[in-house]
Amino acid sequence: MLSRIALRSASARQTASTALVARGSATDAVGVRDEKNFPRPVRGEPGKVRLGFVPEEWFQFFHSKTGVTGPYAFGVGLTTYLCSKEIYVMEHEYYTGLSIFLMVYYATTRFGPKIAAWLDKEIDAVETNWNEGRVQSIKTLEESIEDEKTAQWRAEGQEILVQAKKENVLLQLEAAYRERLMTAYTEVKRRLDYQLEKSNVERRLAQRHMVDWIVTNVTKAITPDQEKQTLDRCIADLSALAAKQ
Amino acid sequence: MAKRIAQSSINWAALAERVPAEQKAHLTAFKVKSDGYLRRVLANPPEPPKINWNLYKQSVPIPGMVDNFQKQYDALKIPYPVDNVSAQIDAQWAQVKKTIEVFIQESNKNIVSYEKQIAEIKALLPYDQMTMEDYRDAYPDEALDPINRPTFWPHDAEEQLDYVDPEKKAQAGH
């Protein structure tokens, strides 16, 4: 039997180097272990069995000679021989054992998986508790690394700020230039408009004055007999017009 | 003529992203000033409107005045304001860049040390592969030591002889 374990552990050692490699301790203090020649053993899978207790290797051993049913036939024959020759005596304790076996079998098949799952959960809780400190430290350190990177990224943003400052200066210069242009334009335009308005006002005043003067002079120049003559002529015209109607 | 500028070419959104929360107020004040400058620029057109000389030539009675004005106006050259601050900004930026370089160096050193610590932690023997002897090698103070510090099973604090229950201690004052 122990050779089975030896064979299995040899194969496990070869596969363990690729998968679950048992790590070495970082602290080379007390109890330094030679990891290369004496690697830490890793828990392997339990051996394969049939009917719960018969190793699989025995079935393989029989397979080439007698096929699949060989070991079972051998087992039945052996049991029959032992029982019929009373080499294996079925006395009172046998029946006790049989009953207990049946009860245990029923219990394991009914409750086994649930209890196994619960126990696994408890073990995982204990293990998580043990690893809590290390996992927290790693997480904190990784967060610190992220924060450092973010701070670097932010610091580089100052370049944009400098560009903005330069642009502010240019904007101020441009604003001042535009204001100067507009001042020149508005001043010139103001003076020209003033001249324009002045000439307009003068012309208008002169016109009105002239009209008034002409009207007053003409009204003064009308003599009384001129007035009578004009009126007579108007009446004649009116009667002629009335006659024409 | 120096380079003229008509609008802002800064990506304010990107700048706002990079500003940490405690300096957002400064950024807002800065942006307000910049917007003020931009508004001043946009208040006037880039070129002044053209003066209609013919209209004035016909209507203004003073002889030669309009022609005189036109000649002088066309000969007028308004100088672009002198820029004597950009050099200071460049000098300031050189300083700031040096400081940023130093900061980034420090930061990278920190990152390297953090990564080293992470590697150290990852290289420790995991608990599920430790034996009790490995545990003693790693944490000699906490391991069971039956010779120097013997303890009763189950080796927690409650079952030892010098344990004082905190609740009983509260009642012991009478």
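Residues numbered from 1 in each chain as written. Chains lettered and ligands numbered in written order. Predicted model: local features only at pLDDT ≥ 70, side-chain atom pairs only at ≥ 80, totals over all residues. Heavy atoms only, no water.

Selection criterion: UniProt positions are given in the numbering used here, feature names are shortened, and annotations may be inferred rather than shown by experiment.
If you look chain B up in an unreviewed UniProt entry, it shows as ATP synthase subunit d, mitochondrial from Iphiclides podalirius. Annotation of chain B in UniProt includes, under Subcellular location (unreviewed entry), the sentence "Mitochondrion inner membrane".

An unreviewed UniProt entry annotates chain A as ATP synthase subunit b of Iphiclides podalirius. Annotation of chain A in UniProt includes, under Subunit (unreviewed entry), the sentence "F-type ATPases have 2 components, CF(1) - the catalytic core - and CF(0) - the membrane proton channel. CF(1) and CF(0) have multiple subunits." Regarding chain A, the relevant UniProt record gives this comment under Sequence similarities (unreviewed entry): "Belongs to the eukaryotic ATPase B chain family."

1. Regarding the overall build of chain B
What counts, and what does not: Counting from the N terminus, the helices are DSSP H or I runs at least four residues long and the strands are E runs at least two residues long. Only protein chains enter the accessibility calculation, which uses a 1.4 Å probe; a residue whose area is less than 20% of its type maximum is buried, one above 50% is exposed, and one in between is partly exposed. In what follows, a contact means two residues having at least one pair of non-hydrogen atoms within 4.5 Å. Per-residue accessibility takes into account occlusion by the displayed protein chains alone, with areas from the Shrake-Rupley method and a 1.4 Å probe.
Tallying secondary structure elements over chain B gives 7 helices and 0 strands in all. Starting at the N terminus and walking to the C terminus, you meet the elements of chain B as α-α-α-α-α-α-α. The burial tally for chain B puts 25% of its 174 residues in the buried class. Sequence-distant contacts in chain B: of pairs separated by 6 or more residues, those separated by 24 or more amount to 25%. For chain B, the accessible surface area stands at approximately 13,200 Å², while carbon and sulfur atoms represent 56% of it.

2. With respect to the overall build of chain A
The helix and strand inventory of chain A stands at 6 helices and 2 strands. Traced from its N-terminal end to its C-terminal end, chain A shows the element sequence α-β-β-α-α-α-α-α. In chain A, the share of contacts with a sequence separation of at least 24, taken over all contacts with a separation of at least 6, comes to 25%. Taken as a whole, chain A presents about 19,400 Å² of accessible surface, with 63% of it coming from carbon and sulfur.

3. Side note on unusual backbone geometry
The residue after Trp-153 of chain B, namely Pro-154 of chain B, is reached through a cis peptide bond having omega 0°. Here Pro-154 of chain B lies in the loop between α6 (132-138) and α7 (166-171). Of note in the backbone geometry, Leu-51 of chain A takes a positive phi value of approximately 55° without being a glycine. Its location among the elements puts Leu-51 of chain A in the loop between β1 (49-50) and β2 (54-55). A positive phi angle, near 65°, is found at His-155 of chain B, a position not held by glycine.

4. Some details on the nonpolar core
Across soluble globular proteins, nonpolar side chains show a tendency to be buried alongside one another. Cut-off, in case you're wondering: In these notes, a set of buried Ala, Val, Leu, Ile, Met, Phe, Trp, Tyr and Cys residues joined through side-chain atoms within 4.5 Å is what counts as a nonpolar core.
Counting residues in hydrophobic clusters, the biggest one holds 19 residues, and the most contacted among them are Leu-171, Leu-173 and Tyr-177 of chain A together with Ile-78 and Ile-100 of chain B. Going through the elements one at a time, α5 (158-221) of chain A together with α2 (24-43) and α5 (86-123) of chain B are the ones with two or more residues in this core. When residues of this core are assigned to their parent elements, the largest contribution, 9 residues, is made by α5 of chain A. Residues within four places of Leu-171 of chain A in sequence aside, it is in contact with Ile-5, Ser-34, Tyr-37, Leu-38 and Val-41 of chain B. By size, the runner-up hydrophobic cluster in this structure holds 13 residues, among which are Tyr-185 of chain A together with Trp-53, Val-60 and Met-65 of chain B.

5. Notes on the packing of aromatic side chains
Put simply, the rule is: Only rings of Phe, Tyr and Trp enter the pairing, Trp through its six-membered ring, and a pair is recorded when the two centres are within 6.5 Å. The plane angle decides the type: under 30 degrees is stacked, over 60 is edge-to-face, the rest tilted.
This model, assessed by the stated rule, comprises 13 aromatic pairs over all chains. Between Phe-61 of chain A and Phe-62 of chain A, the ring centres sit 5.9 Å apart and the planes meet at 75°, which makes this aromatic pair edge-to-face. Judged by relative accessible area, which is 65%, Phe-61 of chain A ranks as exposed. We classify Phe-62 of chain A as partly exposed; its relative accessible area is 23%. A ring pair is formed by Trp-130 of chain A and Tyr-127 of chain B, whose centres lie 5.3 Å apart and whose planes are at 45°; its orientation type is tilted.

6. Looking at α2 of chain B
Spacing of three or four residues puts side chains on the same side of an α-helix, whose turn is 3.6 residues. To be explicit about the condition: One less than the residue count of a helix, multiplied by 1.5 Å, gives the span that helix is expected to have. Here the arc refers to the directions that run from the helix axis out to each C-beta atom.
In this model α2 of chain B runs 28 Å from its N-terminal to its C-terminal C-alpha over 20 residues, within 8% of the 28 Å that 1.5 Å per residue would give. Every buried residue of α2 of chain B is listed here: Leu-27, Phe-30, Ser-34, Leu-38 and Val-41 of chain B. The buried residues of α2 of chain B occupy one face: seen down the axis, they fall within an arc of 80°. Counted as exposed and oriented over 90 degrees from the buried face of α2 of chain B: Ala-25, Val-32, Lys-33, Arg-39 and Ala-43 of chain B. Those residues of α2 of chain B hidden inside the fold are in contact with α5 of chain A together with α1 (12-18) of chain B.

7. Structural notes on α5 of chain B
End to end, α5 of chain B covers 54 Å across 38 residues, agreeing with the expected 56 Å (1.5 Å per residue, within 8%). When we look at burial in α5 of chain B, the residues that qualify are Ser-86, Ile-89, Trp-93, Ile-100, Ile-104, Ser-107, Ile-111, Ile-118 and Ile-121 of chain B. In this structure, the buried residues of α5 of chain B make contact with α4 (92-156) and α5 of chain A.

8. Re the side chain of Ser-34 of chain B
So the rule is basically this: For the purposes of these results, a polar contact is taken to be a pair of N or O atoms within 3.5 Å, where, inside protein, one atom must be able to donate a hydrogen and its partner to accept one; residues adjacent in sequence count only when each atom of the pair is a side-chain atom.
Mapped onto the secondary structure, Ser-34 of chain B falls in helix α2. A residue is classified by how much of its surface remains accessible, and Ser-34 of chain B, at 4% relative accessible area, is buried. A distance of 2.9 Å separates a polar atom in the side chain of Ser-34 of chain B from a polar atom in the side chain of Asn-168 of chain A. With residues near it in sequence (within four places) discarded, Ser-34 of chain B still touches Asn-168 and Leu-171 of chain A together with Trp-12 of chain B.

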